[in-house]
Amino acid sequence: MRLTNAPVSERIIQFGEGGFLRGFADWMIQKMTDAGIFEGKVVVVQPIENGTCDLLTAQNCKYTHILRGDEGVETSVIDVISRCVKPYDDFESYLALADIPSMRFIISNTTESGIVFNDTDTPKRAPYISFPAKLTLLLKRRYDRGLGGFILLPCELIDRNGDNLKKCVLQYAHLWSYPEDFKEWIEKENVFCNTLVDRINTGYPKDEVIELGYEDKMINTSEFFHLWVIETDFDLERELPFSRAGLNVIITKDKLEDYRTRKVRILNGAHTSLTPYALLSGFDTVKSCMDNKVMREHIRKCVFDEIIPTLDLPREELWEYAEQVFVRFSNPYIKHHLSSIALNSVDKFKVRVLPSILEYRRRFNTLPGTLIFAFAKLIDLYRTDMTNDTAEVTDFMKTASVRDILGRIDYWGEDLSFMHAEVMKYVTE
């Protein structure tokens, strides 16, 4: 509980006003604030020219967030955002955020394509420059003011997002001939964390009427599950006490890749192992599969019997995560269509499922039967008109023999002909 009526300082710059950050990072900040263990307001920066900051500002940057699932419904009002800044309207107001001594954290979610370096960016083109370029200008302003650096928590869904963001900033510092002292300040005074985020955010409920007793044009909805894995050597918990608020945040020095692998193999791998078989069997959503005994048993065998044994995190931790995944799959408020998951299934299978098959073979000297069955159903699916892939992949998979499909090194990264006899047991001829 706060012991003073003094205004709460602005401590967090947030690039992105979309539903994900508002239902993930801001929701967590609200939890810590409500627990009386964190004080600090968020300033939202609209990273693109057209966004929803005007709607947010119109309701004093407050909005309702609703968690929904088999666990029930939980409604809360989020009021940790102090204001919005729109660089495309007033770039100086954006840069002035660097002048606020209390600013300590930078959170971002500018989509997977947001963390890029563009050698045509120049300070004179601001604000029409990339997110890392805008960030570099903000950091330079901070450096020029003689203030301390930031802790950066990018949430973009790319591998090693913090490392890549830092790399881009240093590239701009070099491109724009900034002094070596500034580059050293970037390295020594700022903490670029690599992160992994996981929460299904279902956004504004456009097709529903939710009675709140007041108008809210920025209602946000999500599942209950949330996970934020943050890789850093810095004692982040001291400044952002996530665990004391009961939040599912894992701060690790070197295990981020293990958690990323867990998510890709179990959650995404389950989707991809299920989808071809389910589509061929007439199902349309993940939830409909979880309500069916045959489909549910198929995917549980994939995950618990064949995927988890190939992973290196503690078994109890993997089982707990997998059980959480199945609760999420059964969420009645989430309509996850199998046709969407089926997009570019060959590439997805290569990344999400094939590594489990190969690792299972390496560890146990045999092939995992249920995952091989899923592979066969993938081939069967591509022989129908239900796929959504490139023309080259679709045309080849539809007419090629199983042996030729397994031999496509450019598809799978290696020749899979050794699987031919096992896959043929399940392919529909």
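The text that follows walks through the structure, step by step, so that each part is easy to find. Since the model is a prediction, treat every value here as computed from it, not as a measurement.

### Looking at the layout of surface pockets
Point 1. A volume near 240 Å³ is recorded for the second largest pocket.
Point 2. Lining the second largest pocket are Arg 68, Thr 202, Tyr 204, Pro 205, Lys 206, Asp 207, Glu 208, Thr 221, Pro 332, Tyr 333, Ile 334 and Lys 335.

### Concerning the nonpolar core
Point 1. With 64 residues, the main nonpolar core has Ile 266, Ile 357, Phe 375, Trp 412, Met 419 and Val 423 as its most contacted residues.
Point 2. Residues within four places of Ile 266 in sequence aside, it is in contact with Thr 261, Val 303, Ile 307, Ile 308, Leu 311, Leu 318, Tyr 321, Ala 322 and Val 325.
Point 3. In terms of nonpolar packing, the next biggest core, distinct from the first, is built from 38 residues, Cys 61, Cys 193, Phe 224 and Ile 230 among them.

### Describing the packing of aromatic side chains
Point 1. On inspection of all chains with the given rule, the structure shows 27 aromatic pairs.
Point 2. Ring centres 5.0 Å apart and planes at 35° place the aromatic pair Tyr 172 and Trp 176 in the tilted group. Note on accessibility: Tyr 172 and Trp 176 belong to one class, buried.
Point 3. Between Trp 176 and Tyr 178 the ring centres are 5.8 Å apart and the planes differ by 75°, which places this aromatic pair in the edge-to-face class.
Point 4. The exposure class of Trp 176 is buried, given its relative accessible area of 12%.
Point 5. What makes Tyr 178 buried here is its relative accessible area of 15%.
Point 6. An aromatic cluster of at least three residues, connected via ring pairs, comprises Phe 117, Tyr 143, Tyr 172, Trp 176, Tyr 178, Phe 182 and Trp 185.
Point 7. Note that Arg 22 overlies the ring of Tyr 63, its terminal NZ or CZ placed 4.6 Å from the centroid.
Point 8. Over the ring of Phe 418 we find Arg 361; its NZ or CZ atom is 3.9 Å from the centre of that ring.

### Here's the deal with unusual backbone geometry
Point 1. A cis amide bond, omega 5°, links Ala 126 with the succeeding residue Pro 127.
Point 2. Assignment of secondary structure puts Pro 127 in the loop between β6 (105-108) and α5 (131-144).
Point 3. Positive phi values are uncommon outside glycine, yet Arg 160 reaches one of about 50°.
Point 4. In this structure, Arg 160 sits in the loop between β7 (151-154) and α6 (161-175).
Point 5. Positive phi, normally seen in glycine, also occurs at Asn 365, with a value near 55°.
Point 6. Locating Asn 365 in the fold gives a position in the loop between α14 (354-364) and α15 (369-382).
Point 7. On the basis of relative accessibility, which here comes to 71%, the residue Asn 365 falls in the exposed class.

### As for the sheet that holds β6
Point 1. The strand order across the open sheet built from six strands is β5-β2-β1-β6-β7-β8, with neighbouring strands paired in parallel fashion. Each edge of the open sheet carries a strand with a single partner, namely β5 (81-85) and β8 (191-192).
Point 2. Where α6 meets the sheet, its contacts fall on β7 and β8, and the angle it forms with β7 comes to roughly 115°.

### Notes on the sheet that holds strand β13 (residues 249-252)
Point 1. Taken in spatial order, the three strands of this open sheet run β9-β12-β13, and their pairing is mixed. Pairing within the sheet leaves two strands with one partner each, and these edge strands are β9 (194-198) and β13. Mean inter-strand twist for the sheet, computed between neighbouring axes without regard to direction, equals 10°.
Point 2. Pairing of strand β12 (residues 227-231) with β13 involves four bridges; the strand directions are parallel. Note that in β13 the partner of Trp 228 across the bridge is Val 249.

### Re the pattern of salt bridges
Point 1. Within this structure, the stated rule accounts for 33 salt bridges.
Point 2. Between Asp 163 and Arg 160 there is a salt bridge whose closest N-O contact spans 3.2 Å.
Point 3. Across the pair Asp 198 and Arg 328 runs a salt bridge, and its minimum N-O distance is 2.8 Å. Remark: Arg 328 occurs in helix α11 (residues 315-329) and Asp 198 occurs in strand β9; sequence separation between them is 130 residues. Take Asp 198 and Arg 328: they sit in the same class, and that class is buried.

### Examining empty space enclosed by the protein
Point 1. The full count for this structure, using the stated rule, is one cavity of 30 Å³ or more.
Point 2. In this structure, the largest cavity spans a volume of roughly 40 Å³.
Point 3. Every residue lining the largest cavity is listed: Ala 25, Ile 29, Met 32, Ile 107, Leu 153, Trp 228, Leu 240 and Phe 242.
Point 4. The dominant element in the lining of the largest cavity, judged by the number of residues it contributes, is helix α2 (residues 25-34), at three residues.
Point 5. Taken together, the residues of the lining of the largest cavity sort by class into eight nonpolar, no polar and no charged.

Quick notes on the rules
- Residues numbered from 1 in each chain as written.
- Predicted model: local features only at pLDDT ≥ 70, side-chain atom pairs only at ≥ 80, totals over all residues.
- Heavy atoms only, no water.
- 1 Å grid on protein atoms, 1.4 Å probe; cavity = no way out; pocket = protein on both sides within 12 Å on 5 of 7 lines; lining within 4 Å.
- Points joined across faces, edges and corners; volume = space filled by probe spheres on them.
- Core = buried A, V, L, I, M, F, W, Y, C linked by side-chain atoms within 4.5 Å.
- Buried < 20%, exposed > 50% of the residue type's maximum accessible area, 1.4 Å probe, protein only.
- Contact = heavy atoms within 4.5 Å.
- Phe/Tyr/Trp six-rings, centres within 6.5 Å; stacked < 30°, edge-to-face > 60°.
- Lys NZ or Arg CZ within 6 Å of the ring centre and 35° of its normal.
- Helix = DSSP H or I, 4+ residues; strand = E, 2+ residues; numbered from the N terminus.
- Pairing = 2+ DSSP bridges.
- Axes fitted to C-alpha atoms, helices over the stretch in contact; angles between N-to-C directions.
- Salt bridge = Lys/Arg side-chain N within 4 Å of Asp/Glu carboxyl O.
- Nonpolar A, V, L, I, M, F, W, Y, C, P; charged D, E, K, R; others polar.

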